[in-house]
Amino acid sequence: MKRGGGRGASSRSSLCILISIIVAAALLSTPVASDLVISKLDRRVDLTSQIVRITSTLKVKCTGPEPVPEMLVAYPDHQAKFMNLLLSTATEGKGKPTGSVSIRPVQPNGVPPAHTWFLLTFPKQLETGESIIINVFAAFTRVLQLFPEKITQSENQMVVFQDSGYYLSPYLVKVQSLSFKLPEGKIESYTKLENSKLSKNEIKYGPYENIPAFQQSPVAIHFVNNLPFAVAKELVREIEVSHWGNVQVTEHYNLFHGGAQSTGEFSRLDYQARDRGAAAFRSLVAKLPARAHSIYYRDAIGNISTSNIYGDNTQTLLQIEPRYPMFGGWKTSFTIGYGLPLHEYLFYSDGKRLLNVSFGCPIDDVVVEKLIVKIVLPEGSTDIFAAVPFPVQQSEETKFSHLDMVGRPVVVLEKRNVVPEHNLPLQVSYKFSVFSLLREPLMLITGFFLLFVACITYMNADLTISKYSPSYLAKLQWDEVQAAIQQVQNIIYRSLTIHDKLEGSLRDLSRTGDVQVCKAVRKTADGSFKELSKELKPLLTFLQSSAQALPIFSKVDDLVAKERDLQEKVMLKHSTVVDSYEKKSGRDIENKIILIQQKISTLRKELDELLDIIDEI
Amino acid sequence: MSLKPISSPVPVVWYPTLAVFMLAIGLIVTASFFIYEATSSKRNRSLAKELTTGAVASVFLGFGSLFLLLASGVYV
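Residues numbered from 1 in each chain as written. Chains lettered and ligands numbered in written order. Predicted model: local features only at pLDDT ≥ 70, side-chain atom pairs only at ≥ 80, totals over all residues. Heavy atoms only, no water.

**Side note on the UniProt feature "transmembrane region" (unreviewed entry) in chain B**
All names here are of chain B. Residues annotated by UniProt as "transmembrane region" (unreviewed entry) correspond here to residues 12-36 and 56-75. The distance separating the terminal C-alpha atoms of residues 12-36 is 36 Å; by composition the span is 88% helix and 0% strand. Regarding residues 56-75, the helix share stands at 80% and the strand share at 0%, and the terminal C-alpha atoms are separated by 25 Å. (UniProt positions renumbered as here; feature names shortened; annotations may be inferred. Helix = DSSP H or I, 4+ residues; strand = E, 2+ residues; numbered from the N terminus.)

**Some remarks on the nonpolar core**
A:Trp244, A:Ile375, A:Leu413 and B:Phe67 are the most contacted members of the largest nonpolar core, which has 60 residues in total. Looking at this core element by element, the count peaks at 5 residues for strand E17 (residues 230-242) of chain A. Excluding its chain neighbours within four sequence positions, the residues that come into contact with A:Leu413 are A:Phe359, A:Leu371, A:Ile372, A:Val373, A:Ile375, A:Ala386, A:Val388, A:Val392, A:Gln393, A:Gln394 and A:Leu426. (Core = buried A, V, L, I, M, F, W, Y, C linked by side-chain atoms within 4.5 Å. Buried < 20%, exposed > 50% of the residue type's maximum accessible area, 1.4 Å probe, protein only. Contact = heavy atoms within 4.5 Å.)

**Looking at the environment of B:Ala38**
All names here are of chain B. Tracing the chain through its elements places Ala38 in helix H1 (residues 15-39). By relative accessible area, which is 61% here, Ala38 ends up exposed. The spatial distance from the C-alpha of Ala38 to the C-alpha of Tyr75 is 37 Å, given a sequence separation of 37 residues.

**Comments concerning the sheet that holds strand E3 (residues 68-76) of chain A**
All names here are of chain A. Taken together, 3 strands build an open sheet; the order of strands is E3-E7-E6 and the sheet is antiparallel. Bordering the open sheet on either side are E3 and strand E6 (102-106), each of which pairs with just one other strand. With strand direction ignored, the average angle separating the axes of adjacent strands in the sheet is 30°. Across 5 bridges, E6 lies against strand E7 (residues 115-126) in antiparallel orientation. Across the sheet, the residue bridging to Ser102 is Thr121, located in E7. (Pairing = 2+ DSSP bridges. Axes fitted to C-alpha atoms, helices over the stretch in contact; angles between N-to-C directions.)

**Looking at the domain arrangement of chain A**
All names here are of chain A. By the assigned domains, chain A splits into domain 1 (36-224), domain 2 (230-438) and domain 3 (470-616). Placing the centre of domain 1 and that of domain 2 at their C-alpha centroids yields a distance of 33 Å. On the side of domain 2, 27 residues touch domain 1, which itself brings 21 residues to the contact. Of the roughly 1,800 Å² buried at the junction of domain 1 and domain 2 (both faces included), carbon and sulfur atoms supply 54%. Contact with domain 2 buries area across many residues of domain 1, yet Gln50, Asn84 and Gln153 alone supply 35% of it, more than any other trio. The salt bridge involving Arg53 is made with Asp365; its shortest N-O contact spans 3.8 Å. The interface formed by domain 1 and domain 2 contains 10 residue pairs in polar contact (both at pLDDT 80 or more). Broken down by element, the residue count for the side of domain 1 that touches domain 2 peaks at 3 residues, all from strand E8 (residues 131-141). Of the residues in the side of domain 1 that touches domain 2, the class split is 7 nonpolar, 9 polar and 5 charged. (Domains from an automatic or database assignment. Buried area = accessible area lost by both parts, 1.4 Å probe. Salt bridge = Lys/Arg side-chain N within 4 Å of Asp/Glu carboxyl O. Polar contact = N/O pair within 3.5 Å; in protein donor to acceptor, adjacent residues only side chain to side chain. Nonpolar A, V, L, I, M, F, W, Y, C, P; charged D, E, K, R; others polar.)

**Describing the pattern of salt bridges**
Residues and elements named next belong to chain A. Under the defined criterion, the tally for this structure stands at 26 salt bridges over all chains. Note that Arg237 and Glu251 form a salt bridge whose closest N and O atoms lie 2.8 Å from each other. With Arg237 in strand E17 and Glu251 in strand E18 (residues 246-257), this pair connects stretches of sequence that are 14 residues apart. The two residues Arg237 and Glu251 agree in class, both being buried. Between Arg323 and Asp299 there is a salt bridge, and its shortest N-O distance comes to 2.7 Å. Of the two residues, Arg323 sits in the loop between strand E24 (315-320) and strand E25 (331-341) while Asp299 sits in strand E21 (residues 293-299), which places them 24 residues apart along the sequence. By relative accessible area, which is 12% here, Asp299 ends up buried.

**Let's talk about the confidence of the model for chain B**
Residue and element names in this part refer to chain B. Across chain B, the average pLDDT comes to 92, with 99% of residues at or above 70. Here strand E1 (residues 4-5) stands out as the least confident element of chain B, with mean pLDDT 92; helix H2 (residues 47-71) is the most confident, with 96. Two numbers describe this predicted complex: its pTM, 0.78, and its ipTM, 0.96. (pLDDT = per-residue confidence, 0-100.)

**A few points about the interface of chain B and chain A**
With 42 residues of chain B at the interface, the matching set in chain A holds 37 residues. Interface area for chain B against chain A, summed over the two sides, is near 3,500 Å², with a carbon-plus-sulfur share of 70%. Where chain B touches chain A, the interface holds 7 residue pairs in polar contact (both at pLDDT 80 or more). Residue assignment for the side of chain B that touches chain A shows that the elements contributing at least two residues are E1, H1 and H2 of chain B. By residue number, the principal contributor to the side of chain B that touches chain A is H2(B), which donates 16 residues. Among the residues making up the side of chain B that touches chain A, the classes are represented as 24 nonpolar, 12 polar and 6 charged.

**Considerations on the pairing of strand E23 (residues 307-311) of chain A**
Residue and element names in this part refer to chain A. Pairing of E23 with E24 involves 5 bridges; the strand directions are antiparallel. Looking at E24, one finds that Tyr310 is bridged to Leu317. Counting the residues in the hairpin turn of E23 and E24 gives 3 residues.

**Thoughts on a nonpolar patch on the surface**
On the surface, A:Phe435, A:Leu438 and A:Leu442 cluster together into a nonpolar patch covering about 300 Å² of accessible area. The exposed category is assigned to A:Phe435, whose relative accessible area is 58%. (Patch = residues over 30% accessible without salt bridge, like charges linked within 9 Å, V, L, I, M, F, W, Y side chains within 5 Å. Areas by Shrake-Rupley, 256 points an atom, 1.4 Å probe, with all protein chains shown as cover.)

**Some points on the sheet that holds strand E2 (residues 51-62) of chain A**
All names here are of chain A. One open sheet holds the 8 strands; their spatial order is E5-E4-E8-E2-E1-E12-E15-E14, and the pairing between them is mixed. Edge positions in the sheet fall to strand E5 (96-100) and strand E14 (196-199), since each has one partner strand and no second. Within the sheet, the average angular offset between the axes of one strand and its neighbour, ignoring direction, is 20°. Here E14 runs beside strand E15 (residues 202-211); their pairing, made up of 4 bridges, is antiparallel. Bridging across to E15, Ser199 finds its partner in Glu202.

Here it is as structure tokens:
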């Protein structure tokens, strides 16, 4: 009994383990079959450029008893390999957005091979009987197969696009339709299913009803697509911020025509006169911000003048023409650059600076295989953080530019396979002190000041090797003599200004008649003269004793004597005039001083001549 | 979180005028410095005067050349 019970318990427990393993396995693998039904599906494929954009609108309904949080979508591998972007939004009823749908790639079991699967998680669980509208947008590059792969100048470029006529889904699709929008009406062939219809530049498939899960029906369209297949192998965008008022954008393009290879020879005559070369493109248009200035367009050999700028209040359009028309497989590389006003792109918030610029390529419909965005921040920026709305590879480096000492921090953002939909704003926040702004002018000022200091040192330095040679000693003495003569000159000039002051006081007297002021002026002048003669004395004795000064001492002496004479005369004139004013005998002033005045002017003349002679020495 | 646009400390349109005037003043002061160096004799020269003239000249030349760079599109 005991034994049997034991046996029974063990077999029951092993059964439990088996069941739990099965349940666990079922939970681990993503459930494929579920209670969802796609009640309406609309797929629109835009083939009007080199980028294929597929927009699917799915009306999903939950029919099972349990609420469903997520659903699966699939893209064939030959498309998914070249998928650049996958976005999804959910709307409820009448186009009211209800929130974002998160997407992650999964690998479910029991599905047809050669497909890539994505799991979309609804904003909220889908209850029984409820429905939701899911929009899925996907952009692909290089899924248009060139057929033929090589064409001559006069041929059209043709491509093939393959898809499934029925939507591949693990769910039952009640009603579905599919439409292809083509660049022009020229179609070589297309797969005809029931209910397929070709209008001018659109092919419609469907509506098809009640297509079971996993049903496919391949569809291929072979059509003419002469639109520019401009592909940038590498685009480096350098955005340099200067707090002195500019955001400089420089873009280095390495472009090629990614369409059908051109074979045979190229005839410029056929191209220009007979208009042969439909698959080539002549120009590109870059959409720049409205306030862009100092725009340039050049390549390795220099400025390219075939460009044009026009625009309005919202944007500036830069139309650029490469040096030759671009045929399939042809390459060109060029640089465009422009400046943007700082106050539209740089903001201050919570103690940090915030730069807001766009990420992608400004030229329309260019696919960028490798985009590198370098944001060069001013020297002295710290705490740098870049926020980009999609995953990119980030790194940092330093750049040395004008007037840099430690280099500018650079945020490098790298992304592969960029389509125009990636042209979104990105933010870089960093800390920057105002003192760092003054670094450049301070450097320039220091540089100039060092130059002046060098001049001063050179002028004051004594570079003579033999300090006791007679010529050197003579030079030293001569320097002393020169210095003394300069001082004497200075004193003479000072006393001459005092003379002028005295004359001025006399003029004032004739106008105002204020004798007292005049006397006060004379008194101070007298004092200054005494001081000056005191200063003059040691200089004169030095000059007299110095051998070097011998040839010019007579002149200096003469100068001093003349000055003294002049000084006396001026004082005499002054006192005479003042006296006569005091005695009110104004009539004969003129007569009295006329002689003195003559002497003064001759002395002054002689003095000036002497000063000139001494100056020349 | 409020965003306040950041502009340059000096309006961008003033740069050419500032460059011309500050360089002119700087060059005049430089000229006076060199005239002083060349004409005054070694003994009469005053170091303080030389240094102040040099400093004033270098401030004007420094800012002048900065504004010249900015006005010509070299945003340092």
